[in-house]
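# Examining the three-dimensional arrangement
Chain residues, written in single-letter form:
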Amino acid sequence: RLADAHARHAMNVSVNEPTPPYIMSIHIQHGDFYEQCEVPVDQFFASFFIIAQWELRIQKGIEVTHVIMTSDESDPGWWSEVRALGWM
């Protein structure tokens, strides 16, 4: 119930509406992947998670329509890029 309440709050879903199915939740710690990226970090995050959404759709038939991103990242530009993807 707690996860459901937090997801509803993040997506502005009222208690009278059903929780959207297939929510992808992503948590990235500041600095994760920086050493493992073979492409610029600003290109890595978007492509990595878009590929994950694509694989869920193709392999499992699951259409992820909501992505909730959590992080301790403090760079406003980074968060703008997250929002530009339509993620919360």
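Located above this text is the structure these notes cover.
Residues numbered from 1 in each chain as written. Predicted model: local features only at pLDDT ≥ 70, side-chain atom pairs only at ≥ 80, totals over all residues. Heavy atoms only, no water.

## Topic: helix α3 (residues 76-84)
The α-helix advances 3.6 residues per turn, and as a result positions three or four apart in sequence lie on the same side. Of the positions making up α3, those classed as buried are W78, W79 and V82. Along α3, the residues classed as buried sweep out an arc of 95° about the axis, all on the same side. Among the exposed residues of α3, those oriented more than 90 degrees off its buried face are P76, R83 and A84. In the segment just after α3, G86 is the residue with positive phi, at about 85°. (Buried < 20%, exposed > 50% of the residue type's maximum accessible area, 1.4 Å probe, protein only. Helix = DSSP H or I, 4+ residues; strand = E, 2+ residues; numbered from the N terminus. Arc of directions from axis to C-beta.)

## Let's talk about the nonpolar core
By size, the foremost hydrophobic cluster in this structure holds 11 residues: M24, I26, I28, F49, V64, V67, M69, W78, W79, V82 and W87. Mapped onto this core, the elements with two or more residues apiece are β1 (23-28), β2 (66-71) and α3. (Core = buried A, V, L, I, M, F, W, Y, C linked by side-chain atoms within 4.5 Å.)

## So, helix α1 (residues 2-11)
When α1 is considered as a whole, its buried residues turn out to be A7, R8 and M11. All buried residues of α1 lie within an arc of 100° about the axis, which places them on one face of the element. In α1, the exposed positions angled more than 90 degrees off the buried face are occupied by L2, H6 and H9. Along its buried surface, α1 packs onto β1 and β2. (Contact = heavy atoms within 4.5 Å.)

## Notes on the pattern of salt bridges
Applying the stated criterion across every chain, the model contains two salt bridges. Measuring nitrogen to oxygen at the nearest pair gives 3.0 Å for the salt bridge that ties D4 to R8. Pair noted here: D4 and R8 are both in helix α1, with a separation of four residues, about one helical turn. You can call D4 partly exposed: its relative accessible area is 32%. Note on R8: relative accessible area 12%, which makes it buried. With a shortest N-O distance of 2.8 Å, R57 and E63 are connected by a salt bridge. By relative accessible area, R57 is classed as partly exposed at 37%. Residue classification places E63 among the partly exposed residues on the basis of a relative accessible area of 38%. (Salt bridge = Lys/Arg side-chain N within 4 Å of Asp/Glu carboxyl O.)

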